[in-house]
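Commentary on secondary and tertiary structure
In case you want the letters, here they are:
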Amino acid sequence: MNESVRTFFGSPRLTQALTEAIVGVALAAHAVRSLLGWPGSIAVLTVLVVLAALSLAAQPERVEWRGVLPLSLIALFSLMTVSLIWSQYPAQTAAGIAYAIAYAFLGVYIALVRDLIQLVRAVGAALRVILTASFALEILSGVILDTPFAWIGITGDLALGGPVQGLAGTRNAFAFLGALAVLSFWIEFRTRSVSRGLTAYSLALAGATIVFARSPVALLVLAAVLIAGLALVVIRRQQAIARRATQSVLLISAVVFGVLAWFFRGPLVGFVDAAADVAERTSVWSEVGDLVALRPVLGWGWAGVWPTDVYPFSSVRTASGAQPASALNAYADVWLQLGLAGIIVLLVALGLAFVRAWLVASERRSTVYVWPALTLVLLATVSMTESYLLFEGGLLLFVTSAFAAARSGSWRGRFD
């Protein structure tokens, strides 16, 4: 690579623009696919991967071997790749592996070339564009024209108070973007990365997203993130000795709360008025459980987003008879595709990333270090009702958050 090419691809301006483009495409993958189809969206992803590779090659000093990628994540993607051996649909598995690795590579690229505050600002900038464009389309569809935009999944119900889908395709996915936006915009405000006027607009936009999405699971997800955030506020203000005791109490409390939430899941579902939504999901989980029982250890083979014309995915239906594009639960999805081995590796990868991110957020003074920990809480919580963690924007966020935590708290960082 000659000097002029290296200067161009390694320039901070190109790196920033490419990072924002990657985050925007990943978080709005449904809209890109609706506009361009699968061939077009794959072409866009391929271009981003090529540009990221060239940009990384032009900045070799950015690549450090110490904790470059968490070993647990390497194990997860290795298991995906190896599942090609026993997959019942090898062509779809090969495509799913390439798709997942492409997003993982883009996540690693962002984590290497951008520091944490630059990452948060890139996510914030992308979400402002996505949510603004979403409401523009919702107003056009539901207020001005009063007709649904079926080609992108917008039902045109804004004038009725929702639910709205925006560029995300579903109300739950739109609410997820709203929750991520609240977190990212709040971090931007705390770090004084944007003006007060832009912060006010951004937070109002994120709040409107959550309100009009009317997602039945959004309240529980936001409650989990809020509780984790408040816990971090308390811990960050304590001395080291008191902090350890508080961490122990929080761990025990989290376990107890998790057990209670499971036993009282019925009243919780009624509280958020999600009975119908849960009925759809439990019907899918029941059928997925039957398929898991047939191949419990290694699963059926990785596919990522479900190829709904291939067995066993073609056999799964919701209670209303619709054909889902995932198991509507990341953990059930991994168990179906990669078996017990996959669910163990995923839980280890997610758990290690969260523990590292939590400890870093507890000890570092800057508020920006809270973002990876709370993003992982958001992903882990929403993964109980959706499979976002495994695909596209969710996978990108998982990799970048895990990488950021490992770079600050990996045991390999002690080696020189």
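Parameters and conventions
Residues numbered from 1 in each chain as written. Predicted model: local features only at pLDDT ≥ 70, side-chain atom pairs only at ≥ 80, totals over all residues. Heavy atoms only, no water. Patch = residues over 30% accessible without salt bridge, like charges linked within 9 Å, V, L, I, M, F, W, Y side chains within 5 Å. Areas by Shrake-Rupley, 256 points an atom, 1.4 Å probe, with all protein chains shown as cover. Salt bridge = Lys/Arg side-chain N within 4 Å of Asp/Glu carboxyl O. Helix = DSSP H or I, 4+ residues; strand = E, 2+ residues; numbered from the N terminus. Buried < 20%, exposed > 50% of the residue type's maximum accessible area, 1.4 Å probe, protein only. Contact = heavy atoms within 4.5 Å. Core = buried A, V, L, I, M, F, W, Y, C linked by side-chain atoms within 4.5 Å. Expected span 1.5 Å × (residues − 1). Bend = angle between axes of the 7 residues up to and from the residue. Phe/Tyr/Trp six-rings, centres within 6.5 Å; stacked < 30°, edge-to-face > 60°. Lys NZ or Arg CZ within 6 Å of the ring centre and 35° of its normal. pLDDT = per-residue confidence, 0-100. Axes fitted to C-alpha atoms, helices over the stretch in contact; angles between N-to-C directions. Parallel < 35°, antiparallel > 145°, perpendicular 65-115°, else oblique. Left-handed = near helix turned anticlockwise from the far one by under 90°.

Re a nonpolar patch on the surface
A contiguous nonpolar surface patch, about 430 Å² in accessible area, is contributed by Ile139, Leu140, Val143, Ile144 and Leu145. For valine 143, the location among the structural elements is in helix H6 (residues 116-144). Take valine 143: its relative accessible area is 49%, and that puts it in the partly exposed class.

Here we look at the side chain of glutamate 392
Looking at the element boundaries, glutamate 392 is found in helix H15 (residues 392-409). Of the residues examined, glutamate 392 reaches a relative accessible area of 11% and is grouped as buried. Not counting residues up to four positions away in its chain, the partners in contact with glutamate 392 are Ala26, Ala29, Arg33, Trp38, Tyr99 and Tyr103.

Quick look at the nonpolar core
If you look at the biggest cluster of nonpolar residues, it comprises 107 residues, and the most contacted ones within it are Trp371 and Phe398. Membership of the second largest hydrophobic core comes to 15 residues, among which are Tyr89, Ala303, Leu328 and Leu336.

Notes on the pattern of salt bridges
One pass over the structure, following the stated rule, counts 2 salt bridges. The partner of glutamate 392 in a salt bridge is arginine 33, and the shortest N-O contact between them spans 2.6 Å. Highlighted residues: glutamate 392 in helix H15 and arginine 33 in helix H3 (residues 29-57), separated in sequence by 359 residues. Where glutamate 188 meets arginine 128, a salt bridge forms, and the shortest distance between an N and an O atom there is 3.0 Å.

Observations regarding H3
Between its first and last C-alpha atoms H3 spans 26 Å; for 29 residues at 1.5 Å apiece the expected length is 42 Å, and the helix comes up short by more than 12%. At glycine 37, H3 shows its largest bend, some 120°, and a proline, proline 39, comes one to four positions later.

Some remarks on the packing of aromatic side chains
Inspection of every chain in the model, using the stated rule, returns 10 aromatic pairs. Between tyrosine 99 and tyrosine 103, the aromatic rings sit 5.3 Å apart at their centres with planes inclined by 80°, giving edge-to-face as the arrangement. Of this pair, tyrosine 99 and tyrosine 103 both sit in helix H5 (residues 90-113), 4 residues apart, which is roughly one turn of the helix. Each member of the pair, tyrosine 99 as well as tyrosine 103, is classed as buried. Among the aromatic residues, those joined into a ring-pair cluster are Trp38, Tyr99 and Tyr103. Between arginine 295 and the ring centre of tryptophan 300, over which it is positioned, the NZ or CZ distance is 4.9 Å.

A few points about the confidence of the model for the protein chain
Looking at the protein chain as a whole, the pLDDT averages 85, with 91% of positions reaching at least 70. Mean pLDDT values over the elements of the protein chain span from 57, in helix H11 (residues 265-271), up to 93, in H5.

Things to note about the packing of helix H2 (residues 12-27) against H6
Packed helix pairs are characterised by how far apart their axes lie and by the angle those axes make with each other. Packing of H2 against H6 brings their axes to within 9 Å, and their N-to-C directions diverge by 50°. Between H2 and H6, the crossing angle belongs to the class labelled oblique. The way H2 lies across H6 gives a crossing that is right-handed. For the pair formed by H2 and H6, the contact residues are Thr19, Glu20, Val23, Gly24 and Leu27 on the first element and Ala122, Val123, Ala125, Ala126, Leu127 and Ile130 on the second.

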